[in-house]
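Chains, contacts and geometry: an overview
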Amino acid sequence: SFTAQGKVYDGVKIRPRGSWSRSWPKKSLKILFDHRNTFQGERSLNLNSGWRDPAFIREVLAYKIYRVCDVPASEAKVVRVQVNGRFYGLYIEVEEVDKEFLSRRKLKGAAVYKVAPHSRDTDERELANEAAYHIAYAKQTKKTESYEELAEFCHELASSSDTLAFFDKYVDTEEYINYLATTVLIQHWDGFTKNHYLIHDIQGSDKWRVIPWDLD
């Protein structure tokens with residue numbers, strides 16, 4: 001059972017989260033809630049350990065800088081975790097990029113693709129067919145639909161002879177420039193070929209956007 005702000009959530013599951021962070025002495029955690037008793041409308045909760053940052057400020061500050069620069073990014077805050085009544089540690093709670101995330105940012109109905117965590121070179125692969133996209137990207141919404149829109153976007157980018165025209169047509173260019181500038185500012189060098197989401201705002205602008213992730 002999981003308790004927060006006096007409310008008890010039963011039937012909760014817990015597992016380590018992350019890839020590299022699983023090797024750390026202090027593991028990051030994924031809390032999974034029963035769909036009948038969600039946590040503040042969320043089915044899951046991300047608790048990052050902050051093991052490599054003794055000040056517990058880098059990750060929270062990084063997400064905040066993205067948001068200040070008008071890039072859709074998760075909310076993040078420091079929380080206190082206790083196990084069986086005893087202090088267990090400080091953790092970084094990071095908002096999940098899911099349907100609720102989209103609704104809060106007026107992106108309802110968007111298609112969300114997460115760079116597959118086992119791939120370190122997703123954006124540099126030869127994506128010749130749809131099966132290759134399944135290996136490189138994991139759908140977070142519209143999971144029963146094909147990867148055709150992503151394939152079309154990538155092929156158009158690879159073959160376009162007018163890069164500016166491509167970005168004006170398919171990408172929220174100003175927001176993407178802000179994303180790149182912020183990424184350089186905070187030195188998130190690990191987020192160019194992985195550790196990000198691609199979002200297709202189907203019901204809104206019909207443009208593609210990049211959402212930062214794994215800023216620990």
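Presented here is an overview of the structure given in this document. Note that the structure is a prediction, hence the values are computed from the model and not measured.

Parameters and conventions
- Residues numbered from 1 in each chain as written.
- Predicted model: local features only at pLDDT ≥ 70, side-chain atom pairs only at ≥ 80, totals over all residues.
- Heavy atoms only, no water.
- Pairing = 2+ DSSP bridges.
- Helix = DSSP H or I, 4+ residues; strand = E, 2+ residues; numbered from the N terminus.
- Axes fitted to C-alpha atoms, helices over the stretch in contact; angles between N-to-C directions.
- Phe/Tyr/Trp six-rings, centres within 6.5 Å; stacked < 30°, edge-to-face > 60°.
- Buried < 20%, exposed > 50% of the residue type's maximum accessible area, 1.4 Å probe, protein only.

Moving on to the sheet that holds strand β8 (residues 111-115). Read across the sheet, 4 strands follow the order β9-β8-β10-β11 without closing on themselves; strand pairing throughout is antiparallel. The open sheet has two edge strands, β9 (137-139) and β11 (208-212), and neither has a second partner. Direction aside, the axes of adjacent strands within the sheet are offset by 30 degrees on average. Two elements, strand β10 (residues 196-200) and β11, share 5 bridges in a ladder whose sense is antiparallel. Pairing of His 196 across the sheet is with Pro 212, part of β11.

Our next topic: the packing of aromatic side chains. For the coordinates displayed, the defined rule picks out 18 aromatic pairs. Judged by centre distance (5.4 Å) and plane angle (10 degrees), the rings of Phe 33 and Phe 39 are stacked. A residue is classified by how much of its surface remains accessible, and Phe 33, at 4% relative accessible area, is buried. Seen from their ring centres, Tyr 176 and Tyr 179 are 6.1 Å apart, and the 15 degrees between their planes marks the pair as stacked.

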